[in-house]
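What follows is each chain in one-letter form.
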Amino acid sequence: MNFLEEKILTDGVIKQGNILKVDSFLNHQIDIDIMRQIAYELKRRFRGVEVNKVLTIEASGIAIATMLADLYDVPVVFAKKSETANSTDDKYVALAYSFTHKKMNNVFVSRPYLHATDKVLIVDDFLADGQAVHALIDLVHQAGGEVVGVGIAVEKGQQKGGRILREEGQHVESIAIIDSMDWETQTVCFREQPRRKLEHVQLKTE
Ligand code: 5GP
């Protein structure tokens, strides 16, 4: 079991309606050590992939995206869900159904922050039906940029998003993939993932 699966088992709460609540370390209070480990693990899984921008959606993807972008030393852009009065920029706009809020949202990024030359790594906290990630892919494509990967903390594998994205040819990496969960017994089953390869570490010699 990896660090995130262990954290979900100890601190996650399963709610009726197929919702995993992880407010204590990801969605309300942020556990920096877990965020750092997620960022390092995503960087490792996308080794060799050229990235010049990390794109996420407000709000909960921002913490992971920021830590990952720090490792790449590239900017983070987050798609916004609501118009602000002071935003007069021209925008790329996409439509996404919100799984948690049960409504359609327009999500947007101002044009100056996405370019045709961008190689974008998309990041989010959860992947469920893939609405949020598809909207982000749409925004990148509107700008003429390239999506080089999709990095997710928790994929709910019992929902269709991950399968569809992989069938579309996207390189999707999820640190924890839930195959099933039951709110009555508070049990979660994780999908077996390829084991982490041991890195060769040069030990310091006297
Ligand atoms: P999707 O767009 O893939 O259907 O859903 C992903 C989005 O919905 C994520 O951005 C996440 O914020 C939210 N989400 C979906 N399922 C869950 C869940 O079980 N728990 C939490 N905390 N957020 C979820």
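Residues numbered from 1 in each chain as written. Predicted model: local features only at pLDDT ≥ 70, side-chain atom pairs only at ≥ 80, totals over all residues. Heavy atoms only, no water.

Trainee: Looking at this structure, I do not really get the sheet that holds strand β3 (residues 53-57). What am I missing?
Mentor: Sheets are built from strands paired through backbone hydrogen bonds, the pairs being either parallel or antiparallel. Pairing is mixed across the open sheet formed by six strands, whose spatial order is β4-β3-β7-β8-β9-β10. Two strands lie at the open edges of the sheet, namely β4 (76-79) and β10 (187-190), each paired on one side alone. For this sheet, the mean angle separating the axes of adjacent strands, direction not counted, is 30°. As judged from the four bridges shared by β3 and β4, these two strands associate in the parallel manner. When the bridges of β4 are listed, Ile-57 appears paired with Ala-79. Sheet contacts for helix α1 (residues 3-11): β8 (146-156), β9 (172-182) and β10; angle to β9, the most-contacted strand, approximately 30°. Sheet strands in contact with helix α3 (residues 32-45) are β8 and β9, and its direction is about 120° off that of β9. (Pairing = 2+ DSSP bridges. Helix = DSSP H or I, 4+ residues; strand = E, 2+ residues; numbered from the N terminus. Axes fitted to C-alpha atoms, helices over the stretch in contact; angles between N-to-C directions. Contact = heavy atoms within 4.5 Å.)

Trainee: Would you explain α1 in this entry?
Mentor: The α-helix advances 3.6 residues per turn, and as a result positions three or four apart in sequence lie on the same side. Within α1, burial applies to Phe-3, Leu-4, Glu-5, Lys-7 and Ile-8. At its buried positions, α1 is contacted by β2 (19-21), α2 (23-27), α3, β8, β9 and β10. With a side-chain oxygen positioned 3.0 Å from the backbone nitrogen of Leu-4, the residue opening α1 is Asn-2. (Buried < 20%, exposed > 50% of the residue type's maximum accessible area, 1.4 Å probe, protein only. Polar contact = N/O pair within 3.5 Å; in protein donor to acceptor, adjacent residues only side chain to side chain.)

Trainee: Would you mind showing me how to read the pattern of salt bridges here?
Mentor: Where side chains of opposite charge bring their charged atoms close, a pairing between them can arise. All told, the structure shown has 14 salt bridges when counted by the stated rule. Taking the shortest distance from any N to any O, the salt bridge between Asp-90 and Arg-111 comes out at 3.9 Å. Pair noted here: Asp-90 is in the loop between β4 and β5 (91-98) and Arg-111 is in the loop between β6 (103-110) and β7 (119-127), with a separation of 21 residues, a long-range link. Owing to a relative accessible area of 39%, Arg-111 belongs among the partly exposed residues under this scheme. Here Glu-146 and Lys-119 are joined by a salt bridge, their closest N and O atoms 3.1 Å apart. Within this pair, whereas Glu-146 is found in strand β8, its partner Lys-119 is found in strand β7, the two being separated by 27 residues in sequence. (Salt bridge = Lys/Arg side-chain N within 4 Å of Asp/Glu carboxyl O.)

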